[in-house]
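Tertiary structure, described
What follows is the residue order along each chain.
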Amino acid sequence: MIIDTHTHIFENEFDEDRSAVIQRAKDAGVGKMVLPNINAQSITRLKELADSDTNLFVPAMGLHPTEVNSDYKTELETIKSELFSGKYAAVGEIGMDLYWDKEFEKEQVEAFETQLDWAAELSLPALIHSRSSFKETVNAVKNSRCKKGIFHCFGGTLEEAEELLSLGDFLLGIGGVVTFKKSTLPDVLSNIDIKHIVLETDAPYLAPTPHRGKRNEPSYITEVAAALSKIFNLSIDEVARITTENAANLFKIKL
Ligand SMILES: [Zn+2]
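Since this is a predicted model, take the numbers as computed values, not measurements.

Each value, and the rule that gives it
Residues numbered from 1 in each chain as written. Predicted model: local features only at pLDDT ≥ 70, side-chain atom pairs only at ≥ 80, totals over all residues. Heavy atoms only, no water. Pairing = 2+ DSSP bridges. Helix = DSSP H or I, 4+ residues; strand = E, 2+ residues; numbered from the N terminus. Axes fitted to C-alpha atoms, helices over the stretch in contact; angles between N-to-C directions. Buried < 20%, exposed > 50% of the residue type's maximum accessible area, 1.4 Å probe, protein only. Core = buried A, V, L, I, M, F, W, Y, C linked by side-chain atoms within 4.5 Å. Contact = heavy atoms within 4.5 Å. Salt bridge = Lys/Arg side-chain N within 4 Å of Asp/Glu carboxyl O. Parallel < 35°, antiparallel > 145°, perpendicular 65-115°, else oblique. Left-handed = near helix turned anticlockwise from the far one by under 90°. Nonpolar A, V, L, I, M, F, W, Y, C, P; charged D, E, K, R; others polar. Donors = N, O, S within 2.8 Å, 3.2 Å for Na, K, Ca; no water. Tetrahedral: all angles 85-135°; square planar, octahedral: opposite > 155°, others 65-115°.

A few points about the sheet that holds strand 5 (residues 126-131)
Pairing within the open sheet is parallel, and its eight strands lie in the order 1-2-3-4-5-6-7-8. Edge positions in the sheet fall to strand 1 (2-4) and strand 8 (197-199), since each of these pairs with one other strand and no more. Ignoring strand direction, the axes of neighbouring strands in this sheet form an average angle of 30°. As judged from the two bridges shared by strand 3 (residues 57-61) and strand 4 (residues 90-97), these two strands associate in the parallel manner.

Printed below as a string of structure tokens:
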């Protein structure tokens with residue numbers, strides 16, 4: 001059984017064929033899918049999907065860093081009351097993204113630190129997005145009491161991986177990028193213990209080879225497992241077993 005620790009199939013990209021996407025995921029061996037929220041508007045979509053199969057879906061609640069703007073305090077209020085209703089396995093998707101612009105950098109830091117506090121208060125793991133903001137992300141986590149979670153879509157150096165892992169009980173979320181031809185990730189990961197790794201798709205984004213450039217979906221996670229099986233010299237089944245165990249421990253999922 002495989003756990004997709006990061007997928008957004010509640011989003012509109014899947015409105016036309018969501019049930020087929022879910023069936024393909026099940027057929028590929030995906031037994032759980034973690035659903036990180038985007039913003040206040042996506043809560044209804046996320047809950048509707050999560051409630052449709054509580055055995056399959058693991059919902060997470062948070063405000064995505066690229067959704068932090070001048071209105072972020074109102075968004076955070078809505079998200080906080082939803083999160084504290086108690087049905088969520090993680091706080092996410094949260095983090096820092098300074099890739100597109102830095103206009104709301106200060107607000108992003110505030111929103112991130114606020115949500116890390118909620119994670120600590122509720123003893124939940126954080127699902128952390130970090131793009132062009134390694135230092136800022138590390139500083140926020142260091143300043144917070146939140147000491148567990150996933151650095152989703154990890155794509156850094158070995159030094160960065162070691163620094164992130166030193167912050168607490170954190171795991172590295174590995175997805176489609178590891179299958180890209182010019183990716184440096186295989187080299188980096190070969191120096192890391194697989195006990196620190198979980199699988200993800202980040203669907204609809206970052207589809208693995210040979211689906212690169214198309215809409216991503218949870219069934220493609222088998223390509224990620226296959227890439228890891230080469231890197232760690234383990235069978236695909238072993239990769240699935242170990243990474244599923246890592247994720248289940250973090251999210252307190254009974255297997
Ligand atoms: Zn995401």
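Next comes the rest of the write-up.
Thoughts on unusual backbone geometry
Omega for the bond connecting G92 with E93 falls within 30 degrees of zero, at 15°, which places this linkage in the cis form. Structurally, E93 can be placed in strand 4. With phi around 55°, C153 is a residue other than glycine that occupies positive phi space. A relative accessible area of 29% places C153 in the partly exposed class. Although it is not a glycine, N233 adopts a positive phi angle of roughly 55°.

A word on the nonpolar core
The nonpolar side chains of soluble globular proteins are, as a tendency, buried together. Core analysis: the largest hydrophobic core is formed by 70 residues, its most contacted members being I9, I174, L189 and L228. If you tally residues by element for this core, the top one is helix 8 (residues 221-232), at seven residues. For L228, the contacting residues outside a window of four places in its chain are I174, V178, L189, I197, L199, N233 and V239. V58, A60, I150 and I253 belong to the second-largest nonpolar core, a separate cluster that totals 15 residues.

Comments concerning the pattern of salt bridges
Counted by the stated rule, this structure contains ten salt bridges. For K47, the salt bridge goes to E82, with nearest N and O atoms at 3.3 Å. Of this pair, K47 sits in helix 2 (residues 43-52) while E82 is found in helix 3 (residues 72-83), placing the two residues 35 residues apart along the sequence. Taking the relative accessible area as the measure of exposure, E82 reaches 12% and is therefore buried. With a shortest N-O distance of 3.4 Å, E245 and R241 are connected by a salt bridge. Note that E245 and R241 are positioned in helix 9 (residues 236-251) at a spacing of four residues, about one turn of the helix.

What about the packing of helix 3 against helix 4 (residues 105-122)?
At their nearest, the axes of helix 3 and helix 4 sit 11 Å apart, and the two run at 15° to each other. With respect to each other, helix 3 and helix 4 are oriented roughly parallel. For the element pair helix 3 and helix 4, the recorded crossing hand is right-handed. Of helix 4, the residues touching helix 3 (which contributes Y72, K73, L76, I79, K80 and L83) are E107, E110, A111, T114, Q115, W118 and L122. A per-class count over the contact of helix 3 with helix 4 returns seven nonpolar, two polar and four charged.

Quick word on the coordination of the zinc ion
Angles between donor atoms at a metal ideally measure 109.5 degrees for a four-coordinate tetrahedral arrangement and either 90 or 180 degrees for a six-coordinate octahedral one. The protein atoms donating to the zinc ion are H6 (NE2), H8 (NE2), E93 (OE) and D202 (OD), with metal-donor distances spanning 2.1 to 2.7 Å. Viewed at the metal, the four donor atoms of the zinc ion are separated by angles of 84 to 174°, and the geometry they form is irregular. Along the chain, the residues donating to the zinc ion fall in the pattern H-x1-H-x84-E-x108-D. Of this pair, H8 sits in the loop between strand 1 and helix 1 (18-27) while E93 is found in strand 4, placing the two residues 85 residues apart along the sequence. According to the relative accessible area criterion, E93 is buried, its value standing at 1%.

The analysis is restricted to geometry; functional conclusions fall outside its scope.
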